[in-house]
Amino acid sequence: MSAFGLRCPIDPDLGYLRELVRLHGRHNGLTGERLEDLVLAVNEAITNVFDHGGRAGLITARGHAEGVTVEILDVGGRLTPEHLAAAHVNPTGGGGFGLWAILHLCDEVTLEQTRQGSVLGLHMHGRPAPIIPLERRRRSAGDSRHPTR
Amino acid sequence: MSAFGLRCPIDPDLGYLRELVRLHGRHNGLTGERLEDLVLAVNEAITNVFDHGGRAGLITARGHAEGVTVEILDVGGRLTPEHLAAAHVNPTGGGGFGLWAILHLCDEVTLEQTRQGSVLGLHMHGRPAPIIPLERRRRSAGDSRHPTR
Amino acid sequence: MGASRQPQPSPRPAGMPITRLTLSHQHLPGLILVALAGEIDRTTSVRLAGYVDRVRRIGDHVVFDLTELTFLDSSGLHVLLGCAHTCAAEGRQVHLAGARGSPARLLAITGVDGYLPVHAGVDQAITTVLTKDRG
Amino acid sequence: MGASRQPQPSPRPAGMPITRLTLSHQHLPGLILVALAGEIDRTTSVRLAGYVDRVRRIGDHVVFDLTELTFLDSSGLHVLLGCAHTCAAEGRQVHLAGARGSPARLLAITGVDGYLPVHAGVDQAITTVLTKDRG
Ligand SMILES: Nc1ncnc2c1ncn2[C@@H]1O[C@H](COP(=O)(O)OP(=O)(O)O)[C@@H](O)[C@H]1O
Ligand SMILES: Nc1ncnc2c1ncn2[C@@H]1O[C@H](COP(=O)(O)OP(=O)(O)O)[C@@H](O)[C@H]1O
């Protein structure tokens, strides 16, 4: 039962959800920039559920030996590895930033399709992560249909 | 799915759980004294899970048309209506205060036995509750094997 | 552009409750003033009990300054009452001063505010204790 | 002893997000200083866009004071960039000043801090804009 950790339905009050994630992350040992990185990444994932997804879902957060994992279930189920792989930034054009930021803020990003919808997993290691070159990070994130748990 | 609201395993870090309940209650429109009453009542219920119960369980909180409900599942399952009915205060002796405080802080208290354990339901109305004489409140709390939902 | 990741200060061990109670005291003639700041629950009330035991001189009245106390649970209430009983055995008293918000509410709901002398502020509490002792 | 229940101030409607963004501005010769305090996310970024549209005079440079901004998301970033494009069409610029913490991190990660002029403080930003216009 404890394995499920904190759980909360996705809600339009993003500030409330950010506070929840911040509280949970701090409770599980994240501090400072790492904590705020997680909060921002979760915020972007939830924003996408409203802007591109099913507008409903569930946030699940849990601490474990390696750090903290927050999963965002989107009942829309239309988020694909191709979206993650295509993440880009282009200040001169429109669009983008959300998935790009998620991939850069988190130590690991996983994506899983379930019967309930798509589950984006955001993982923060308890200790500073080694700096992984961007190209490798993007590829591994886009490929992970079978997230490591 | 939303009907389940916020869910969190019972944790020895009571300050963390109080913050969660405070955040959720505020999100659902409780403020000031009513909010802090709920936080204190939940704190006492969780304390009892550690002191007298199964030391594990689940907190579920949800807002609804009538206000806010927080349920505390105790896997120990040994909390009975008789305990609620026997709640008392006695500053000169030892013991007590926890259940007494819960019954006085909440607008309604329910108790249900489930296969997972005993579920103590703490209900706060969105608007100030009418003042119900103590004797009636105690009896209704002690009797509620079939909580009103 | 790579993901920049600066070395971070080592995080607090996961699951470790943050200490949320600060205790301090001051000796005055015939009494000890114990100030509680923060939150008292079952994870901190034991610390309060030990603290009072250690700093109180035999024969002291005790004034608890609750002005900065934001949370008080039933286990904390038990410590305050336990202290009152210890004091009573020596003909001394426990006074509560400055309780606000949720702690004041618990004192009211349980009737403890009718059992122990309660004061709006620390000054009134001290004056009461000193006046009584002199009289 | 009955349960005392004082009348309470009517609670905020359930589920209503609390407004967490405060906007203010100041006209200076040739520029407008827009200060953002609080949090910008998809529930508040529309308000920011409308505000800037309303208060900016044609021909103004814009300096965004981000000193008191505690949270910035991608939708807020889009508003800042959209404003930069509007300004560019008039040969004007958007400057960002005083970003800290999480907002600074988003600017860095997205490379926006290399695309828009960024300043440690508001004074530097204003000086830069005024100097450039004069030169
Ligand atoms: N939850 C989702 N469901 C479906 N598609 C998504 C979801 N999240 C992101 N996407 C797709 O990925 C694209 C990039 O998203 P993002 O980087 O957040 O930028 P933006 O939201 O500005 O388009 C979106 O335009 C959308 O096509
Ligand atoms: N979760 C629980 N499981 C089993 N028994 C309980 C539980 N909570 C309360 N009780 C019973 O009710 C009694 C009164 O509880 P309470 O009013 O909180 O005072 P105290 O904890 O000081 O005994 C307890 O002594 C215990 O016998």
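Residues numbered from 1 in each chain as written. Chains lettered and ligands numbered in written order. Predicted model: local features only at pLDDT ≥ 70, side-chain atom pairs only at ≥ 80, totals over all residues. Heavy atoms only, no water.

### Comments concerning the side chain of A:Asp11
Rules: The way it works is that DSSP assigns letters per residue, a run of H or I at least four long becomes a helix, a run of E at least two long becomes a strand, and they are numbered from the N terminus. Each residue gets one of three labels from its accessible area relative to the maximum for its type: buried under 20%, exposed over 50%, partly exposed in between, using a 1.4 Å probe on protein chains only. Under this definition, polar contacts are N or O atom pairs within 3.5 Å; protein pairs additionally need one hydrogen-donor-capable and one acceptor-capable atom, and for neighbouring residues in sequence, both atoms have to be side-chain atoms. Contact definition: two residues touch when any of their heavy atoms are within 4.5 Å.
Looking at the secondary structure, you find A:Asp11 in the loop between β1 (6-9) and α1 (14-27). The class for A:Asp11 is buried, based on a relative accessible area of 18%. A distance of 2.7 Å separates the side chain of A:Asp11 from the backbone nitrogen of A:Asp13, its partner in a polar contact. With sequence-adjacent residues up to four places away left out, A:Asp11 is seen in contact with A:Leu17, A:Phe50 and B:His27.

### Quick look at the confidence of the model for chain A
Residues and elements named next belong to chain A. We count it as follows: Confidence of the prediction at every residue is given by pLDDT, a number between 0 and 100.
Averaged over every residue, the pLDDT of chain A is 86; residues scoring 70 or more account for 81%. Considering each helix and strand of chain A separately, the mean pLDDT is smallest for helix α5 (residues 134-143), with a value of 42, and largest for strand β4 (residues 108-113), with 98. A low-confidence stretch, residues 133-149 stays under pLDDT 50, and its non-local contacts, those more than four residues away or across chains, total 37 contacts.

### Some points on the UniProt feature "domain: STAS" (unreviewed entry) in chain C
This is how the line gets drawn: UniProt positions are given in the numbering used here, feature names are shortened, and annotations may be inferred rather than shown by experiment.
Taking the numbering used here, the UniProt-annotated feature "domain: STAS" (unreviewed entry) corresponds to residues 21-129 of chain C. Regarding residues 21-129 of chain C, the helix share stands at 45% and the strand share at 30%, and the terminal C-alpha atoms are separated by 26 Å.

### What about the interface of chain A and chain D?
The test is simple: Only one rule defines a salt bridge in this text: a Lys or Arg side-chain nitrogen within 4 Å of an Asp or Glu carboxyl oxygen. The classification used treats Ala, Val, Leu, Ile, Met, Phe, Trp, Tyr, Cys and Pro as nonpolar, Asp, Glu, Lys and Arg as charged, and all other residues, Gly among them, as polar.
Taken residue by residue, the interface counts 29 residues in chain A and 23 residues in chain D. The interface formed by chain A and chain D holds 6 salt bridges in total. Here A:Arg18 ties to D:Glu39 by a salt bridge, and the two come within 3.0 Å at their closest N and O atoms. The interface formed by chain A and chain D holds 8 residue pairs in polar contact (both at pLDDT 80 or more) in total. For the side of chain A that touches chain D, the secondary-structure elements that each account for two or more residues are α1, α2 (32-51) and α4 (98-105) of chain A. Considering every element that reaches the side of chain A that touches chain D, the biggest residue donor is α2(A), with 10 residues. Grouping the constituent residues of the side of chain A that touches chain D by class yields 12 nonpolar, 10 polar and 7 charged.

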